[in-house]
Amino acid sequence: MNRNHDDTERTFAALPPARGRGFARTWWGQAWLKALEDTALDGEQVRTGRRLARAGAVGAVSVRPGRITAVVQDRDGTGYRADVLLEQLSAEQWDRLLELAVERAGHVAALLDREMPPHLVEDAAVAGVELLPGLGDLRPTCDCDDWDHCGHTTALCYQMARLLDEDPFVLLLLRGRGERALLDDLQARGTARATRSASTGSPEEPAEAAGVDAAEAYAAGDILPPLPALPELPEQPGLPPSLDAEAAPAPGIDPAALEFLAARTAAAAHRMLADALRAEEATWEPELSVAQDAVRLAAGEPGRAVLERLADGSERGREELSAAVRAWEQGGVTALSVFEEEWAVEGDALARARAALEAAWDEDERPPLRARGNRWTVVGAPGQLRLDRDGRWWPYRKERGRWTPAGGPAQDPATALASAQARPEDGAC
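These figures come from a predicted structure and were not determined experimentally. (Residues numbered from 1 in each chain as written. Predicted model: local features only at pLDDT ≥ 70, side-chain atom pairs only at ≥ 80, totals over all residues. Heavy atoms only, no water.)

Caption draft 1: Quick peek at the overall build of the protein. Scanning the protein for helices and strands turns up 15 helices and eleven strands. Considering the protein as a whole, with its 429 residues, one finds that 38% of them fall into the buried category. Relative to all contacts within the protein whose residues are 6 or more apart in sequence, the contacts with residues 24 or more apart total 61%. (Helix = DSSP H or I, 4+ residues; strand = E, 2+ residues; numbered from the N terminus. Buried < 20%, exposed > 50% of the residue type's maximum accessible area, 1.4 Å probe, protein only. Contact = heavy atoms within 4.5 Å.)

Caption draft 2: Representation of the sheet that holds strand 8 (residues 375-378) in the model. Reading across from one edge, 7-8-9-10-11 is the order of the five strands in this open sheet, with antiparallel pairing throughout. Two strands in the sheet have a free side with no partner beyond their single neighbour: strand 7 (369-372) and strand 11 (402-405). Averaged over all pairs of adjacent strands, the angle between strand axes in this sheet comes to 30°, irrespective of strand direction. Two elements, strand 7 and strand 8, share four bridges in a ladder whose sense is antiparallel. Bridging across to strand 8, Arg-370 finds its partner in Thr-377. Running at roughly 20° to strand 10 (residues 393-399), helix 15 (residues 413-421) makes contact with strand 8, strand 9 (383-387) and strand 10 of the sheet. (Pairing = 2+ DSSP bridges. Axes fitted to C-alpha atoms, helices over the stretch in contact; angles between N-to-C directions.)

Caption draft 3: Fine view of the confidence of the model for the protein. Per-residue confidence for the protein averages 80 on the pLDDT scale, and 83% of its residues sit at or above 70. Here strand 1 (residues 2-3) stands out as the least confident element of the protein, with mean pLDDT 51; strand 4 (residues 67-73) is the most confident, with 95. Long-range and interchain partners of residues 424-429, a stretch whose pLDDT sits below 50, account for twelve contacts in this model, where long-range means more than four residues apart. (pLDDT = per-residue confidence, 0-100.)

Caption draft 4: Expanded view of the pairing of strand 9. Taken across its five residues, strand 9 has five buried, putting it largely inside the fold. On strand 9, burial covers both faces: Gly-383, Leu-385 and Leu-387 on one face and Gln-384 and Arg-386 on the other are all buried. Of the strand pairs in this sheet, strand 8 and strand 9 are connected by three bridges, and their pairing is antiparallel. In the strand pairing of strand 9, Trp-376 is matched with Leu-385. Hairpin connection from strand 8 to strand 9: four residues lie between these consecutive antiparallel strands, with Gly-380 at a positive phi of about 80°. Pairing analysis gives five bridges linking strand 9 to strand 10, with the strands arranged antiparallel. The partner of Gln-384 across the bridge, within strand 10, is Tyr-396.

Caption draft 5: Geometry of the pattern of salt bridges. Summed over all chains, the structure comprises 18 salt bridges. Between Asp-83 and Arg-81 there is a salt bridge whose closest N-O contact spans 2.7 Å. The exposure class assigned to Asp-83 is buried, which follows from its relative accessible area of 4%. Overlapping salt bridges, with partners in common, bring together Asp-95, Glu-99, Arg-177, Asp-185 and Arg-189 in one network. (Salt bridge = Lys/Arg side-chain N within 4 Å of Asp/Glu carboxyl O.)

Caption draft 6: Fine view of the packing of helix 11 (residues 290-298) against helix 13 (residues 318-340). Direction vectors running N to C along helix 11 and helix 13 enclose 105°, while the axes themselves pass 9 Å from each other. Judged on the interaxial angle alone, helix 13 and helix 11 are roughly perpendicular. Contacts between helix 11 and helix 13 pair Gln-292, Val-295, Arg-296 and Ala-298 from the former with Leu-321, Ala-324, Val-325, Trp-328, Val-333 and Leu-336 from the latter. Along the lines of polarity and charge, the residues of the contact of helix 11 with helix 13 split into eight nonpolar, one polar and one charged. (Parallel < 35°, antiparallel > 145°, perpendicular 65-115°, else oblique. Nonpolar A, V, L, I, M, F, W, Y, C, P; charged D, E, K, R; others polar.)

Caption draft 7: Structural detail: unusual backbone geometry. Phi at Arg-400 is positive, roughly 55°, even though this residue is not glycine. As for its position among the elements, Arg-400 is in the loop between strand 10 and strand 11. Residue classification places Arg-400 among the exposed residues on the basis of a relative accessible area of 79%.

Caption draft 8: Highlighting the packing of aromatic side chains. Using the criterion set out here, one finds three aromatic pairs in the structure. Here Trp-27 and Trp-28 contribute two aromatic rings whose centre-to-centre distance is 5.0 Å and whose plane-to-plane angle is 80°, an arrangement assigned as edge-to-face. Across from the ring centre of Tyr-396, 3.9 Å away, lies the NZ or CZ of Arg-386, which sits over that ring. Above the ring of Trp-343, the side-chain terminus of Arg-389 is found at 4.4 Å from the ring centroid. (Phe/Tyr/Trp six-rings, centres within 6.5 Å; stacked < 30°, edge-to-face > 60°. Lys NZ or Arg CZ within 6 Å of the ring centre and 35° of its normal.)

Caption draft 9: Region of interest: the side chain of Arg-189. Checked against the element boundaries, Arg-189 lands in helix 8 (residues 179-200). Residue classification places Arg-189 among the buried positions, given a relative accessible area of 18%. Within the structure, the side chain of Arg-189 is placed 2.8 Å from the side chain of Asp-185, a separation counted as a polar contact. When neighbours within four sequence positions are excluded, Arg-189 is seen to be in contact with Asp-95, Leu-98, Glu-99 and Val-102. (Polar contact = N/O pair within 3.5 Å; in protein donor to acceptor, adjacent residues only side chain to side chain.)

Caption draft 10: Main features of the nonpolar core. Counting residues in each nonpolar core, the largest one holds 60 residues, and the members touching the most others are Trp-32, Val-58, Val-63, Leu-131, Leu-156 and Met-160. A total of eight residues in this core trace back to one element, the largest contributor, which is helix 6 (residues 151-166). In this structure, Phe-260, Val-306, Leu-310 and Ala-324 belong to the second largest nonpolar core, which totals 23 residues. (Core = buried A, V, L, I, M, F, W, Y, C linked by side-chain atoms within 4.5 Å.)

Caption draft 11: Up close: the pairing of strand 3 (residues 61-64). Bridge count for strand 2 (residues 10-12) against strand 3 is three bridges, and the pairing is antiparallel. Among the inter-strand pairings, Arg-10 is bridged to a residue of strand 3, identified as Val-63. In this sheet, strand 4 lies alongside strand 3 in antiparallel orientation, the contact comprising three bridges. Paired with Val-63 across the bridge in strand 4 is Ile-68. Joining the antiparallel neighbours strand 3 and strand 4 is a turn of two residues, in which Gly-66 adopts a positive phi near 85°.

Caption draft 12: Just helix 6, in detail. If you check helix 6, its first and last C-alpha atoms are 23 Å apart, about what 16 residues at 1.5 Å a residue would give, namely 22 Å. Of all 16 residues in helix 6, 15 are buried; the element is thus mostly enclosed. (Expected span 1.5 Å × (residues − 1).)

Encoded structure:
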C-alpha cells in the first residue's frame, strides 16, 4: 500500500483471489458488503462482480476523496477501468461528525488509537450523517460503457470490502478526509474542549452517557468464564434411531421415509460442523424447489419405496428422476439447471460461445454441430454440448432415446465433447 505526502490518496496493491473464504472478516467490511448488496438493483451484476472479485480480477485500487478506481479484467482477459463515485461529506457534516466523536470519550480514544468503533455509524446516522452508502449513492463509470453498475464496478465494490478489513479509515478517506487531517482535527477539538473546561473550573459533561467505564470493564474481564473448547468432529454423521417398531405407525406416517430424511439431515449437519471447525466459509446452498429437493434426496440412495415417492412428488418418472440424479451428482443445482432448462444464448454470450467452438478444433476435425438455444448437438452422433450461464460446457450423450449427463463441466468444448462421446465402460460417466 502506498500513500502520497498529504494522505489524500492511497493505493492498495492487487489482492490475491478470495477462493474458499468470505470477502469480509471485520465488522466494517461486512457492513460495506451489506450496504452494497441491500441497495443493488441488478442481482445478476452482483453475482458477476462477486465472481470477478473472488477470482482476483481486480487490479491495484486507488482510493481518494469521492472516488475509488481500479482496472478489472473480464473473464476473457480484457481490462476495463472501473470507477465508483461516492459523495463526500460537506464541511457541516464533518463538523457534526467530529463534534459527536469528541462528546463520546470512547470514540475519541478509539480513533486516536487508529481504530474505528462500529457504533460510530449508528451515532453518526442519529446526527444526520450517513457514512455507509445508501440506495443510489454508489455511482459507477466503466470503460465497458454499461449505463449502470456492471460486473467490473461491482467487483471493485467487493474489493473495497477487503480493503476495509485492512483499514476502515479508507471509508473516511472516500467520504473526504485523509487520516492525518482527521486525527489532527479531532485532537485539536479535544484540546479546545479541555481548555474550555479548565477555564470555567468545571468539566463539560457529554449530552448523554454512553458505554461503561473502561477501568470497570477491564477489571471484569477475569470474572467471565473461559469459552469451552471446540468439539471434535465425529468421523461419520450420527445414525438416527430405528423406527421399525412392533406398533403400527399412525396414519400418513412412513417410518422408512422418516429414517431416510433423518439420515440425510445428519449428513448435512456433519458437513456444516466440519466447515465451522475448519473456520472456513460454509458452502452456501440456495433454497431448493420441491422438484430440486426431490432430486437431492434421491441422490442419497433411498430405498425403492422412498424413491418412488420422490418420483411421484416431483412429477417425474423413475427414468427421468434417475437422469436428474446423474446431473445432480455432476454439479448440484447448476448441473440440474443445465439438465432441465433450455435458454436462448444471445449477445456477448453467443459471441464467446462461437469463438470457443471455433478455437476448440482444427478446421478439418471440427464435428458438425446443430445449435438450438444453449445446446449444440453433433449431427449424426449421440453427443451434445450444453452451455451454462457461466460459460462452461457440459457433455451429454443420448441413451435409449434420452439425453443424459455424461460428465462434469469443462471450459473447453472439445474436452467436454470427448466425455460425451466416450463409451460408458471407459469411465467417462
